[in-house]
Amino acid sequence: MTRSLRFPDGFLWGAATAAYQIEGSPLADGAGPSIWERFAHTPGLMADGDTGDIACDHYRRHAEDVRLMQALGLTSYRFSIAWSRVLPEGTGRVNAKGLDFYARLVDDLLEHGITPNVTLFHWDLPAALDDRGGWLNRDSADWFAEYAQVMFRALDDRVPLWTTLNEPWVVVDGGYLRGTIAPGHRNLYEAPRVTHNLLRASGAAVAAYRAEGRHRIGVVFNLEPKYPASTRQEDRDATRRAHAYMNTQFTDPVLRGVYPEALAALYGAAWPDFPAADLECIRQPVDFVGINYYTRQVVRDDPTQPPLRAAGVPQRQRTHTETGWEVYEQGLIDTLLWFRDRYGTVPVYLTENGAAFYDPPQAAGPVVEDPLRVDYLERHLKTLRRAIDAGVDVRGYYAWSLLDNLEWSLGFAKRFGLYHVDFSTQRRTPKRSALRYAQIIASHGAAL
Ligand SMILES: OC[C@H]1NNC[C@@H](O)[C@@H]1O
Ligand SMILES: [Ca+2]
């Protein structure tokens, strides 16, 4: 009997984006600046001097972009709210024009039969809140809950899927330890405190939602499975540290109410003594979890790289993307089975999956040929179906990304889009992967 070729009834076929990466017009209509406005305009921090000043000009071209979604047959679209469009100072005064942009976008999606999946925080913290300490300030949980409540009251009648944070690990590791993304800090003492306040903020928003929300709310983690480079104990220990730092540092507090004990040893003196009551807030039950999967990491012991003392081992024999990530779809099912076995039956959406490949410049033809991205998409969707067949409750898939966009400090050169964007003309052109995805959606997976 052939394996079930179709995906479950009601499975959502989506694509994902984030505000600062696509919208442009960062200060239009009363919007306040975010920390990305500052970071991107700080010389030397962004590849090629790229910024989100225009990006995909989505703030003005949103109607055209919704039509592009419909052309693919998408049944869902995941996007984020720019917090400082709605609350220019982060708290207090609401900017009606900012809120109205998102209300119109949601209405347009619904009119096209596309289910909105709304991320409240996708890294673009209002600059005014960073001036008050940002995620280092324990008050950040209250700021975020206030903002979340504004959004729930404005849009919960039309938005069935909410998520609080996108990828807290990236904010901690990139924004506060390595300094590669906004706000560009490099401070080991700050990292665990930011983890903790991000998770407290997420819990506070979920608690606020429970008081008046009518639909479902979750949180989005990027999960990257870690594999030991050898059977040596040192490599196995390094792999465990890397897994705790990147994965269970976030999933365990939210889904089990405790931090992995490896973190205290890893952070050492930098590990704070968190009040137990905080974990009660953090472990607010969520309705689902979004998992963003891109690649795996093979890990070896590396004493020269404290505090993690772990290094990635390049898998040169395999295809890699333009961001240096190994194409490794087996890691997707390994991660989903691990997640199900550790946390039980909490529903999952694959809220991001995709690849940046060098799409060769094409004559202005109707389709951009991107064979490597087509291959990546097929491999991961086939693997996702295997995980579903193995009993993992996956409710939807979101390709990262609908459009080529600003890949944060890597700039526009890293192209993840199903649609190619010519940033000098704003012309959108479907890639072969977009047409293949449309075919898969139309057959509800059978065409895989
Ligand atoms: O690196 C690709 C994507 N990963 N997750 C978060 C998104 O904002 C990134 O563009
Ligand atoms: Ca450029």
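First, a word on what this report is: a plain description of the structure on this page. (Residues numbered from 1 in each chain as written. Chains lettered and ligands numbered in written order. Predicted model: local features only at pLDDT ≥ 70, side-chain atom pairs only at ≥ 80, totals over all residues. Heavy atoms only, no water.)

## Things to note about the overall build of the protein
The helix and strand tally for the protein stands at 15 helices and 13 strands. The C-alpha radius of gyration computed for the protein amounts to 21 Å, which stays within 12% of the reference 22 Å derived for 448 residues, consistent with globular compactness. Each principal axis of the C-alpha atoms in the protein carries an extent, and together these give about 55 × 55 × 45 Å. For the protein, the residues scored as buried account for 61% of the 448 residues in total. At a minimum sequence separation of 6, the contacts of the protein that also span at least 24 residues come to 76%. Just so you have it, the protein exposes about 16700 Å², and 52% of that area is on carbon and sulfur atoms. Put simply, the protein has 49 plus and 55 minus side-chain charges, and the middle of one group is 4 Å from the middle of the other. (Helix = DSSP H or I, 4+ residues; strand = E, 2+ residues; numbered from the N terminus. Rg over C-alpha atoms; globule rule 2.2 N^0.38 Å. Buried < 20%, exposed > 50% of the residue type's maximum accessible area, 1.4 Å probe, protein only. Contact = heavy atoms within 4.5 Å. Areas by Shrake-Rupley, 256 points an atom, 1.4 Å probe, with all protein chains shown as cover. Lys, Arg positive; Asp, Glu negative; His and termini not counted. Charge placed at Lys NZ, Arg CZ, Asp CG, Glu CD.)

## Thoughts on the nonpolar core
Residues Trp135 and Leu384 are the most contacted members of the largest nonpolar core, which totals 131 residues. Residues within four places of Trp135 in sequence aside, it is in contact with Trp83, Phe121, Leu125, Ser140, Phe144, Val171, Tyr176, Arg193, Val194, Asn197, Leu198 and Ala201. Within the second largest apolar cluster, 15 residues are counted, among which are Ala16, Ala18, Tyr349 and Ala356. (Core = buried A, V, L, I, M, F, W, Y, C linked by side-chain atoms within 4.5 Å.)

## Quick notes on the site of ligand 1
Every residue near ligand 1 is listed here: Gln21, His122, Trp123, Asn166, Glu167, Tyr294, Trp325, Glu352, Trp400, Glu407, Trp408 and Phe416. A distance of 2.6 Å separates an oxygen atom of ligand 1 from a polar side-chain atom of Glu407. At 2.8 Å, a side-chain N or O of Trp408 approaches an oxygen atom of ligand 1. Burial of ligand 1 by the protein amounts to 95% of the accessible area it has alone, namely 280 Å². Split by residue class, the shell around ligand 1 holds six nonpolar, three polar and three charged. (Near = heavy atom within 4 Å. Polar contact = N/O pair within 3.5 Å; in protein donor to acceptor, adjacent residues only side chain to side chain. Nonpolar A, V, L, I, M, F, W, Y, C, P; charged D, E, K, R; others polar.)

## Some thoughts on the pattern of salt bridges
Considering all chains together, one arrives at 38 salt bridges under this definition. The closest approach of N and O atoms between Arg379 and Asp375, which form a salt bridge, is 2.6 Å. One end of the pair is Arg379 and the other is Asp375, both in helix H14 (residues 371-389) and four residues apart, which spans about a single turn. We classify Arg379 as partly exposed; its relative accessible area is 34%. Among the charged side chains, a network of salt bridges with common partners joins Asp359, Asp370, Arg373, Asp404, Arg415 and Lys431. (Salt bridge = Lys/Arg side-chain N within 4 Å of Asp/Glu carboxyl O.)

## Some details on the environment of Asp370
With respect to the helices and strands, Asp370 occurs in the loop between strand E10 (348-353) and H14. Under the relative-accessibility criterion, Asp370 is labelled buried at 2%. Taking the C-alpha atoms as reference points, Asp370 and Asp29, 341 residues apart in sequence, are found 37 Å from one another. Residues within four places of Asp370 in sequence aside, it is in contact with Asp359, Lys431, Arg432 and Ser433. A distance of 3.1 Å separates the side chain of Asp370 from the backbone nitrogen of Arg432, its partner in a polar contact.

## Looking at the sheet that holds strand E1 (residues 12-16)
Spatial ordering of the closed barrel is given by E1-E2-E3-E4-E5-E7-E10-E11, a layout of eight strands whose pairing is parallel. Each strand axis lies, on average, 25° off the axis of its neighbour in the sheet, ignoring direction. Where strand E4 (residues 161-166) and strand E5 (residues 216-222) come together, four bridges link them in parallel fashion. Pairing of Trp162 across the sheet is with Ile217, part of E5. Packed on one face of the sheet, helix H10 (residues 233-256) meets E5 and strand E7 (288-292) and runs near 160° to E5. (Pairing = 2+ DSSP bridges. Axes fitted to C-alpha atoms, helices over the stretch in contact; angles between N-to-C directions.)

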